Structures are given as structure tokens and as C-alpha cells.
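Residues per chain, in single letters:
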Amino acid sequence: MAWTDAENKRFEKALAKYDKDTSDRWEKVAAMVGGGKTIQDVERHYNLLIDDVHKIESGKVALPNYSRSS
């Protein structure tokens, strides 16, 4: 199921609010994201995000070459 920009924004805010030590973290994140997202949906989305970050940090994904405008 695709994530909307608004859901992604709420997901980011929820991650900032509920850290790894929060009890029932994923339940709270799913509730904050809304849109019918389940605990499994938000956990999967988080794991994909972490995988992407690791790939970027390890150099497996090239960063775009943005040109500077004058």
C-alpha cells in the first residue's frame, strides 16, 4: 500500500515523538499516522527507511548531483 506525503510527514513526526524506548511504540506510531495504517505497516515502513539509510551511508546508493544556482 502506497504512502501519501501527508502520511509520511505524520510518520516522521511520530518517530520523533515516540523513540525506541516508548512502550507500544508501533501502536502509537500507527495511530498517529492514521489512514488505516497497521502496526505491521509502520514497522515495515520504518525497516525500509533504515535499509535505505544504511545503503546511502555505505555508498551503495549514489546521491544526486544538485547544481548550485547563482
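Definitions and limits used
- Note on numbering: residues in each chain are counted from 1, in written sequence order.
- The predicted origin of the model limits local features to residues at a pLDDT of at least 70 and limits the giving and counting of side-chain atom pairs to 80 or more, whereas totals for whole chains, interfaces and linings rest on all residues.
- The basis for the side-chain values is all heavy atoms of the structure; hydrogens and waters are excluded.
- Only DSSP runs of H or I with at least four residues qualify as helices, and only runs of E with at least two residues qualify as strands; both kinds are numbered from the N terminus onward.
- Here's how the labels work: a residue is buried when its accessible area is under 20% of the maximum for its type, exposed when over 50%, partly exposed in between, all with a 1.4 Å probe on protein chains only.
- Should any heavy atoms of two residues lie within 4.5 Å, those residues are counted as being in contact.
- A residue's pLDDT is the confidence the predictor assigns to it, expressed on a 0 to 100 scale.
- Working convention: axes come from line fits to C-alpha atoms, limited for helices to the stretch in contact. Angles between N-to-C directions cover 0 to 180 degrees.
- The cut-offs work like this: below 35 degrees is roughly parallel, past 145 is roughly antiparallel, 65 to 115 is roughly perpendicular, and the gaps in between are oblique.
- Ten residue types, Ala, Val, Leu, Ile, Met, Phe, Trp, Tyr, Cys and Pro, are classed as nonpolar, four, Asp, Glu, Lys and Arg, as charged, and the remainder, Gly among them, as polar.
- When a carboxyl oxygen of Asp or Glu is within 4 Å of a side-chain nitrogen of Lys or Arg, the pair counts as a salt bridge.
- Put simply, two rings from Phe, Tyr or Trp (the six-membered ring, in Trp's case) pair if the centres are within 6.5 Å, and we call them stacked under 30 degrees between planes, edge-to-face over 60, tilted for the rest.
- Definition used: whenever NZ (Lys) or CZ (Arg) falls within 6 Å of the ring centre and also within 35 degrees of the ring normal, the charge is taken to sit over that ring.

Caption draft 1: Representation of the side chain of His45 in the model. Along the chain, the position of His45 falls in helix 3 (residues 39-57). For His45, a relative accessible area of 19% gives the class buried. Every residue in contact with His45, bar those within four places of it in the chain, is listed here: Trp3, Asn8 and Phe11.

Caption draft 2: Representation of the confidence of the model for the chain within the structure. Across the chain, the average pLDDT comes to 92, with 96% of residues at or above 70. Helix 3 is the least confidently modelled element of the chain, averaging 94 in pLDDT, while helix 2 (residues 25-33) averages 98, the highest of any element.

Caption draft 3: Summary view of the packing of helix 1 (residues 5-17) against helix 3. Running from N to C, helix 1 and helix 3 point in directions that differ by 85°, and their axes come no closer than 12 Å. As far as their axial angle goes, helix 3 and helix 1 are roughly perpendicular. Across the interface between the two elements, Asn8, Phe11 and Leu15 of helix 1 pack against Val42, His45, Tyr46 and Leu49 of helix 3. Across the contact of helix 1 with helix 3, the residue classes break down as 5 nonpolar, 2 polar and no charged.

Caption draft 4: Main features of the pattern of salt bridges. Enumeration according to the criterion identifies 2 salt bridges in this entry. Here Lys37 ties to Glu7 by a salt bridge, and the two come within 3.6 Å at their closest N and O atoms. Pair noted here: Lys37 is in the loop between helix 2 and helix 3 and Glu7 is in helix 1, with a separation of 30 residues, a long-range link. Close ionic contact of Asp41 with Arg44 constitutes a salt bridge, the shortest N to O distance being 3.3 Å. Of this pair, Asp41 and Arg44 both sit in helix 3, 3 residues apart, roughly one helical turn.

Caption draft 5: Just the packing of aromatic side chains, in detail. For the structure shown, the criterion picks out 2 aromatic pairs. When the centroid spacing of 5.0 Å and the interplanar angle of 50° are considered together, the rings of Trp26 and Tyr46 count as tilted. Within this pair, whereas Trp26 is found in helix 2, its partner Tyr46 is found in helix 3, the two being separated by 20 residues in sequence. Among the residues examined, Trp26 registers a relative accessible area of 18% and is labelled buried. One Lys or Arg, Arg25, reaches over the ring of Tyr46 and ends 5.3 Å from the middle of that ring.

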